[in-house]
Amino acid sequence: MKVTVFGIGYVGLVQAAVLAEVGHDVMCVDIDETKVANLKKGIIPIFEPGLTPLVKENYEAGRLIFTTDAKQGVAHGEIQFIAVGTPPDEDGSADLKYVTAVARTIAEHMTSYKVIIDKSTVPVGTADKVHEVVSETLKKRQSELSFDVVSNPEFLKEGAAVSDCMKPERIVIGTDNEQVLDLIRELYSPFNRNHDRMVIMDIRSAELTKYAANCMLATKISFMNEMSNLAEMLGADIEKVRQGIGSDSRIGYHFIYPGCGYGGSCFPKDVQALIRTAEHIGYQPELLQAVEAVNARQKHKLFSFVQRHFNGDLKGRTFALWGLAFKPNTDDMRESSSRVLMEALWQAGAKVQAFDPEAMEEAQRIYGNRDDLLLMGTKEATLHNADALIICTEWQNFRAPDFDLIKATLKHPVVFDGRNLYEPERMNQRGFTYYGIGRGASVNPVI
Ligand SMILES: NC(=O)c1ccc[n+]([C@@H]2O[C@H](COP(=O)([O-])OP(=O)(O)OC[C@H]3O[C@@H](n4cnc5c(N)ncnc54)[C@H](O)[C@@H]3O)[C@@H](O)[C@H]2O)c1
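In this report, we go over the structure that sits alongside the text. It should be emphasised that the depicted structure is a prediction, and the values quoted were computed from it without experimental measurement.

Criteria and thresholds
- Residues numbered from 1 in each chain as written.
- Predicted model: local features only at pLDDT ≥ 70, side-chain atom pairs only at ≥ 80, totals over all residues.
- Heavy atoms only, no water.
- Pairing = 2+ DSSP bridges.
- Helix = DSSP H or I, 4+ residues; strand = E, 2+ residues; numbered from the N terminus.
- Axes fitted to C-alpha atoms, helices over the stretch in contact; angles between N-to-C directions.
- Contact = heavy atoms within 4.5 Å.
- Expected span 1.5 Å × (residues − 1).
- Buried < 20%, exposed > 50% of the residue type's maximum accessible area, 1.4 Å probe, protein only.
- Arc of directions from axis to C-beta.
- Phe/Tyr/Trp six-rings, centres within 6.5 Å; stacked < 30°, edge-to-face > 60°.
- Near = heavy atom within 4 Å.
- Polar contact = N/O pair within 3.5 Å; in protein donor to acceptor, adjacent residues only side chain to side chain.
- Areas by Shrake-Rupley, 256 points an atom, 1.4 Å probe, with all protein chains shown as cover.
- Nonpolar A, V, L, I, M, F, W, Y, C, P; charged D, E, K, R; others polar.
- Core = buried A, V, L, I, M, F, W, Y, C linked by side-chain atoms within 4.5 Å.
- 1 Å grid on protein atoms, 1.4 Å probe; cavity = no way out; pocket = protein on both sides within 12 Å on 5 of 7 lines; lining within 4 Å.
- Points joined across faces, edges and corners; volume = space filled by probe spheres on them.
- Right-handed = clockwise from strand over helix to strand, strands pointing away.
- Salt bridge = Lys/Arg side-chain N within 4 Å of Asp/Glu carboxyl O.
- Patch = residues over 30% accessible without salt bridge, like charges linked within 9 Å, V, L, I, M, F, W, Y side chains within 5 Å.
- Parallel < 35°, antiparallel > 145°, perpendicular 65-115°, else oblique.
- Left-handed = near helix turned anticlockwise from the far one by under 90°.

Overall, parallel pairing links the six strands, which are arranged β11-β10-β9-β12-β13-β14 in an open sheet. With one partner strand each, in any of the chains shown, β11 (373-375) and β14 (433-435) form the two edges of the open sheet. The average undirected angle you get between the axes of adjacent strands in this sheet is 20°. Relative to strand β10 (residues 351-355), strand β9 (residues 318-322) runs parallel, the two sharing five bridges. Directly across from Ala320, in β10, lies its bridge partner Gln353. Most of the contacts of helix α13 (residues 301-309) go to strand β13 (residues 414-417), to which it runs at about 160°, and overall it touches β9, β12 (388-391), β13 and β14.

What follows is the structure in structure tokens.
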């Protein structure tokens, strides 16, 4: 099938590559000329396990084409995916200007029937808006061409995006049109062989499903972070509590890890966007507001530990930082906890020597050259002349480091672990002062 994907980001590029891999003819359109030029040279703009060979092979086979020419893109596919960003507006609601721009572009150039599939995460009612934009633009052209708008939210996880798209747990489709549904079934049939993964519903329910999923996951994290703060003050160990509740099959072990807050391009903006949607219609989303507030507080957790440990005297100090990406296996630093921490340390007059296996270029792009940020070639190199070590991302490679070397290199044997990678008792035995999240059993309880 001929498919066009607007937006070559984490979602658009991965989805396009996976669709090409199963044999569809996919054209990707982006307004970012550098990105398109680089992709044609085999330079992949993001780090995502398994993506590079997939893109290269399908590009070379001619099943995956990159262009900035929107007209060519509209002409190519009967199916037109919208996979552009929906960043937060000034008030936190989803900014739909990229989505509506693509809708307008499709309507300006289409010369035949199109199925417009919205894959971006968009507030309930956006499909109606897209419908309106396309209709109005066609009217201006005095065209009577027909089209359909479908909601097909994406659930991929950064860091596992290729396998998530190859073997989706579910394919949510919002449409009330049987013919369109047949077309989409055909498109996704290579991913739907083992059992039926399609969950069909009306458009508004599909749009809300995406927000509900992300808000549920964010809620689990904030809940555990709330528990971790209580554990810390009550002299309990949240890691024991986590296992205690995870063993309940109604709760389960997934997504109940305490830490220094959630980040990324989705949870923070999607929780905020749903809050704004709710407020807009006169509903107070108290739970979602609390989820967001708990997370904002949690992102300052490591800094407050550091400040407490050094009695507020951080000016002129240097900190080794392991992990810049918002989670492992990605180079994405959007809303990452490491940024909140680094910016607070800089504000207090401290320097950061950081290492991340994949996000170094991204950190350089965001912060440029500055005296108080040194990007080091290895995790060990960050330790030289550093007052303490702080961990923000649970990369596999950080789980079993050379503790003797860390202790011998740091000025003070202090570790602030935002992802609970190590056991407090073992760390104390090794001679470290160790701060984990919610590990109150190893410190004096407040009561
Ligand atoms: N990143 C994720 O893990 C993830 C997961 C599920 C859903 N989503 C949602 O998918 C959407 C895309 O997210 P992303 O992370 O891939 O975004 P991204 O920022 O990585 O990529 C968006 C791309 O769209 C391009 N673009 C903007 N306007 C355009 C236009 N008019 N025509 C063509 N291209 C245009 C940009 O240049 C950019 O390359 C968002 O709504 C997001 O919430 C993201």
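From this point, the narrative continues.
Compared with an ideal rise of 1.5 Å per residue, which puts 15 residues at 21 Å, helix α6 (residues 126-140) spans 21 Å between its outermost C-alpha atoms and is within 8% of the ideal. Inspection of α6 places Thr126, Ala127, Val130, Val133, Val134, Thr137 and Leu138 among the buried residues, and these make up the whole buried set. Seen from one end, α6 has its buried residues packed into an arc of 125°, which puts them on one side. Exposed residues pointing more than 90 degrees away from the buried face of α6 are listed as Lys139 and Lys140. Following α6 by one or two positions, Gln142 has its phi on the positive side, about 55°.

Bringing the packing of aromatic side chains into the picture now. Per the counting criterion, the structure on display carries 13 aromatic pairs. On the numbers, 5.6 Å between centres and 75° between planes, the contact of Phe310 with Phe319 is edge-to-face. With respect to burial, Phe310 and Phe319 carry one shared label: buried. Joined through ring pairs, the aromatic side chains of Phe403, Tyr422, Phe432 and Tyr434 make up one cluster.

Right, let's talk about the site of the ligand for a bit. Taken together, 27 residues are adjacent to the ligand, and Asp30, Lys35, Thr86, Glu158 and Lys269 come closest. Asp30 places a polar side-chain atom, nitrogen or oxygen, 2.6 Å from an oxygen atom of the ligand. Contact between the ligand and Lys269: an oxygen atom at 2.6 Å from a side-chain N or O atom of the residue. Compared with its free state, where it exposes 840 Å², the ligand has 89% of that area covered by protein. Elements that contribute at least two residues to the shell around the ligand include exactly α1 (10-21) and α5 (97-109). Of the residues contributing to the shell around the ligand, the split by class is twelve nonpolar, seven polar and eight charged.

A separate point is the nonpolar core. Ranked by size, the top nonpolar core spans 50 residues in total, and within it Leu345, Phe416 and Tyr422 carry the most contacts. Per-element accounting of this core gives the leading share, five residues, to helix α14 (residues 337-347). The contacts of Leu345, once residues within four sequence positions are left out, are Phe303, Val306, Leu314, Phe319, Ala350, Val352 and Ile390. Counting residues in hydrophobic clusters, the runner-up holds 42 residues, among them Ala17, Val36, Val150 and Ala161.

This paragraph deals with empty space enclosed by the protein. Under the defined criterion, the tally for this structure stands at one cavity of 30 Å³ or more. Approximately 40 Å³ is the volume found for the largest cavity. Along its surface, the largest cavity is lined by Asp118, Ser120, Thr121, Val122, Ser151, Asn152, Pro153, Ala206, Glu207 and Lys210. Among the elements that make up the lining of the largest cavity, the one with the highest residue count is helix α9 (residues 203-234) (three residues). Taken together, the residues of the lining of the largest cavity sort by class into three nonpolar, four polar and three charged.

Moving on, we get to α5. Its 13 residues place the ends of α5 18 Å apart at the C-alpha level, agreeing with the 18 Å of an ideal helix rising 1.5 Å per residue. Contact partners of the buried residues in α5: β1 (2-6), α4 (70-76), β4 (79-82), β5 (114-118) and α6.

What follows is about the pairing of strand β7 (residues 171-174). What you see with β7 is no split at all: Ile171 and Ile173 on one side and Val172 and Gly174 on the other are buried throughout. By the bridge criterion, four bridges tie β7 to strand β8 (residues 198-201) in an arrangement that is parallel. From the neighbouring strand, Ile171 faces β8, where its bridge partner is Met198. You can see the chain leave β7, run along helix α8 (residues 178-188) and come back into β8, and the turn it takes is right-handed.

Going through the model one piece at a time under the given rule, you end up with 22 salt bridges. When the shortest N-O distance is used, the salt bridge between Glu380 and Lys379 registers 3.2 Å.

On the surface, Leu230, Met233 and Leu234 cluster together into a nonpolar patch covering about 280 Å² of accessible area. By secondary structure assignment, the location of Leu230 is in helix α9.

Packed helix pairs are specified by the crossing angle of their axes together with the interaxial distance, meaning the distance between the axes. One can describe the packing of α9 onto helix α11 (residues 267-280) by two numbers: an axis separation of 9 Å at closest approach and a directional angle of 115°. As judged from the angle between their axes, α9 and α11 are roughly perpendicular. Remark: the crossing between α9 and α11 carries left-handed chirality. Every residue of α11 that contacts α9 at Leu208, Lys210, Tyr211, Asn214, Cys215, Leu217, Ala218 and Ile221 is listed here: Phe267, Asp270, Val271, Ala273 and Leu274. When grouped by side-chain class, the residues that make up the contact of α9 with α11 number ten nonpolar, one polar and two charged.

This brings us to the side chain of Ser265. For Ser265, the position within the fold is in the loop between α10 (238-246) and α11. If we ignore the near neighbours within four places in the chain, the residues touching Ser265 are Glu158, Asp332 and Arg334.

Attention now moves to the layout of surface pockets. Roughly 450 Å³ of internal volume is contained in the second largest pocket. Along its surface, the second largest pocket is lined by 18 residues, and Pro123, Val124, Arg276, Thr277 and His280 are the ones closest to its centre. Mapped by element, the contributors of at least two residues to the lining of the second largest pocket are α6, α9 and α11. Residue contributions to the lining of the second largest pocket peak at six residues, all from α11. When the residues that make up the lining of the second largest pocket are grouped by side-chain class, the tally is eight nonpolar, five polar and five charged.

Just distances and angles here, no functional claims.
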